[in-house]
Amino acid sequence: MFRVASASQYLAITGAGINDVKLAKKSWVFPGQYCTVFDITPVNYDFEVQAMSAEKLEFKLPAVFTIGPREDDRDSLLKYAKLIAPKDQNSIHVREIVKGIIEGETRVLAASMTMEEVFKGTKEFKQEVFEKVQLELNQFGLLIYNANIKQLVDVPGHEYFSYLGQKTQMEAANQAKVDVAEARMKGEVGAKLREGQTLQNAAKIDAETKIIKVQRQGDGQKEEMRVKTEVKVFENQREAEVAEANAELAKKKAGWAREAKVAEVESTKAVALRDAELQREVEKMNAATRMEKLRAEFVSKANVEYEAKVQEANWELYKKQKEAEAILYQKEKEAEAQRATAEAAFYARKQAADGQLYTKLKEAEGLVALGKAQGEYLKSISTSLGGDYRAVKDFLMIDRSVYQEMARINAEAVRGLQPKLSIWTNNESGGEAGGDASSSAMREVSGIYRALPPLFQTIYDQTGMTPPPFMGTLAQTGMTPPQIPGTLALESSNPYNKN
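These numbers come from a predicted model, not from an experiment.

**Re the sheet that holds strand β2 (residues 9–15)**
Reading across the sheet, the three strands line up as β3-β2-β5 and stay open at both edges, with antiparallel pairing between neighbours. Edge positions in the sheet fall to β3 (22–24) and β5 (33–39), since each of these pairs with one other strand and no more. Within this sheet the neighbouring strands show an average axis-to-axis angle of 25 degrees, counted without direction. Relative to β5, β2 runs antiparallel, the two sharing seven bridges.

This is the structure:
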């Protein structure tokens, strides 16, 4: 019966003609063989492993493993067919095997780690569990397609993760409060600081304004009192004092004019000096600008030339490398072509030699078969002729037209010559011309028998071969072939026959 498995199934065949187990997608199942169909679809196994850390703290590890046969490895698939396939993957037996492996490896690994390491290194912990469980599942031909470890859970009576979560939550809340208070403090202090700076600046400006106002008022009052004093002096001293005042006033006016001119000159010189300084700075800046411009032009040009030279050198190097690679590739192809030609010539010579050898073998086999057939043929003829070698030889020569060929060759050899011909005749035809038809027929037969002795004698003289025993003997040779029962020796009137 021909069995075919689906895309996610395999056939496991045992029995007659199979040493161990044969795995196939489709196969004939003969009598004496047993076929089992097993599924290789991965199955999810959901476990809640209870483990204990190095500090003797218990916890639960919820995990989901997707496990199935290793389809890409023939040996693993064979192990699965032998050990697991007889059971359903969802059966309690298989589930207990997988659960026992996962729980054992998880507990051993968790016992070597602290709770903090397990909690913080969940990814590394998952990888370690994955690798150790996979090593154990290899002996059953199983493969972990996916492993998902959920959040660690407390065991009743051991609220480590709960307290750790509360601790983390409180720390986060306290830190948030501190951050909020610090932000509020910075905001309030900043606001007060800005208000104080505003008030200080306003008071400073007000004070400076009042001072300037008082100074201006004092200066006005001083000027007013001085003017009144001078008026009184002018009035008391009358004209002298007026003259003196005028002289003093003139002096003061001259001093004021001198001071004004000095101030004007100083201001002009200061402006000129400042103008000169600014002009010098401008010239410096212009010189620096021109210098930078020239440096940029020449440096840029040098950089461009350098880049061009570098690119040109790189291009020459690349070109030479490609030429060398092309020459190397051509040499390799030529070597491959020569090697292929040599292999083809060797194969052709080998095929020709094999063909010649096969031809020779077949010819030898044909000759052997022909020899065997001829041997059987000669054996049958010899048996029929009573084992007489001469009779067999004569029969074969007659059967193969040897005598006719010899006569033709002799005729060709003596053509154009003048041989001596012997003509035998018995002058008996005249006396019997009036006989009847039966006598005429006997005369013809008698004529044939009379012609045979000279013919046999001629053949004997030329070839040394004697006529077969059933046709007569030659008296000249002195040889009498053995007589075959039922035959008669011929007597002839041949003059050469002395008998």
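**Here we look at the pattern of salt bridges**
Across all of its chains, the model carries ten salt bridges by this definition. Among the salt bridges present, the one from Lys186 reaches Glu182, with a minimum N-O distance of 3.6 Å. Linking Lys186 with Glu182, this pair stays in helix α5 (residues 160–384), spanning four residues, or about one helical turn. The partly exposed category is assigned to Glu182, whose relative accessible area is 36%. When the shortest N-O distance is used, the salt bridge between Lys362 and Glu365 registers 3.5 Å.

**Focus on helix α1 (residues 74–83)**
Buried residues of α1: Ser76, Leu77, Tyr80 and Ala81, and no others. The buried side chains of α1 occupy one side of the element, clustering within an arc of 140 degrees when seen end-on. Between the side-chain oxygen of the N-cap and the backbone nitrogen of Asp75 there are 3.3 Å, and the N-cap of α1 in question is Asp73.

**What to know about the packing of aromatic side chains**
If you walk through the whole model with that rule in mind, you get four aromatic pairs. Here the aromatic rings of Phe38 and Tyr80 are separated by 5.8 Å at their centres, their planes lie at 55 degrees, and the arrangement is tilted. A residue pair is termed long-range when its members are at least 10 positions apart, and Phe38 in strand β5 and Tyr80 in helix α1 qualify at 42 residues. Owing to a relative accessible area of 2%, Tyr80 belongs among the buried residues under this scheme. Within the aromatic cluster, the residues linked to one another by ring pairs are Tyr10, Phe38 and Tyr80. Between Lys25 and the ring centre of Tyr10, over which it is positioned, the NZ or CZ distance is 4.4 Å.

Calculation notes
Residues numbered from 1 in each chain as written. Predicted model: local features only at pLDDT ≥ 70, side-chain atom pairs only at ≥ 80, totals over all residues. Heavy atoms only, no water. Pairing = 2+ DSSP bridges. Helix = DSSP H or I, 4+ residues; strand = E, 2+ residues; numbered from the N terminus. Axes fitted to C-alpha atoms, helices over the stretch in contact; angles between N-to-C directions. Salt bridge = Lys/Arg side-chain N within 4 Å of Asp/Glu carboxyl O. Buried < 20%, exposed > 50% of the residue type's maximum accessible area, 1.4 Å probe, protein only. Arc of directions from axis to C-beta. Polar contact = N/O pair within 3.5 Å; in protein donor to acceptor, adjacent residues only side chain to side chain. Phe/Tyr/Trp six-rings, centres within 6.5 Å; stacked < 30°, edge-to-face > 60°. Lys NZ or Arg CZ within 6 Å of the ring centre and 35° of its normal.

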